[in-house]
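# Close look at the chain arrangement
What follows is each chain in one-letter form.
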Amino acid sequence: MGKSIFAHDKNGKIAFRPAVELSYLSKEQQQSLYDTMECEDCTPSLAQAIKMKEFSRDGKLSAEVILSIMQEEKPNQREKPAFRDERITRLIPKSIPRGQETDFVIRALEFYNRHLQRRRDQER
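In this report, we go over the structure that sits alongside the text. (Residues numbered from 1 in each chain as written. Predicted model: local features only at pLDDT ≥ 70, side-chain atom pairs only at ≥ 80, totals over all residues. Heavy atoms only, no water.)

Attention now goes to the nonpolar core. With 14 residues, the main nonpolar core has Leu22, Leu33, Met52, Leu61, Ile66 and Met70 as its most contacted residues. Only helix H1 (16–22), helix H2 (27–40), helix H3 (46–57) and helix H4 (63–70) provide two or more residues apiece to this core. (Core = buried A, V, L, I, M, F, W, Y, C linked by side-chain atoms within 4.5 Å. Buried < 20%, exposed > 50% of the residue type's maximum accessible area, 1.4 Å probe, protein only. Helix = DSSP H or I, 4+ residues; strand = E, 2+ residues; numbered from the N terminus.)

A word on the packing of H2 against H4. Running from N to C, H2 and H4 cross one another at 45°; their axes reach a closest spacing of 10 Å. What the angle tells us is that H2 and H4 run oblique. For H2 against H4, the interelement crossing comes out right-handed. Note on element contacts: H4 touches H2 through Ala63, Ile66, Leu67 and Met70, opposite Gln29, Ser32, Leu33, Thr36, Met37 and Glu40. In terms of residue class, the contact of H2 with H4 is built from 6 nonpolar, 3 polar and 1 charged. (Axes fitted to C-alpha atoms, helices over the stretch in contact; angles between N-to-C directions. Parallel < 35°, antiparallel > 145°, perpendicular 65-115°, else oblique. Left-handed = near helix turned anticlockwise from the far one by under 90°. Contact = heavy atoms within 4.5 Å. Nonpolar A, V, L, I, M, F, W, Y, C, P; charged D, E, K, R; others polar.)

This next bit is on the side chain of Gln48. The residue Gln48 is located in helix H3 in this model. A relative accessible area of 3% means that Gln48 is categorised as buried. Here Ile69 takes part through its backbone oxygen, which lies 2.9 Å from a polar atom of the side chain of Gln48. Excluding its chain neighbours within four sequence positions, the residues that come into contact with Gln48 are Thr43, Ile69, Met70, Glu72 and Lys74. (Polar contact = N/O pair within 3.5 Å; in protein donor to acceptor, adjacent residues only side chain to side chain.)

What follows concerns the pattern of salt bridges. For side chains bearing opposite charge, pairing can occur when the charged atoms are close. What the rule picks out here adds up to 5 salt bridges. Linking Lys51 and Glu72 is a salt bridge whose minimum nitrogen-to-oxygen distance equals 2.8 Å. Placement of the pair is Lys51 in helix H3 and Glu72 in the loop between H4 and helix H5 (86–89), with a sequence separation of 21 residues. You can call Lys51 partly exposed: its relative accessible area is 29%. Here Arg87 and Asp85 are joined by a salt bridge, their closest N and O atoms 2.5 Å apart. (Salt bridge = Lys/Arg side-chain N within 4 Å of Asp/Glu carboxyl O.)

Have a look at this one:
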């Protein structure tokens, strides 16, 4: 294991476990990863760090591979549901894409309010 440019990052940009895995990369590969991190404004997960270490071990870790790995969606970066209350989530159709639940609920409430206003107007 070599010395990693990430192990002593004073800003604490990378967690310890991924930094350990990345310490196995060559200095050139570490620099390429660092440049990618700066450009993409992200840090590698442990799974991504392990994947890069494996590619490096197989002699296949290029700047393009690093970029590809770093652009993968991480589970903790997926959009979380807008609503946690089951009374609301069970009423939102499954066809509504994640991240658009709030817009759907707003449109539904606007529709409902227009409907109520029409009923009030008719009752007068």
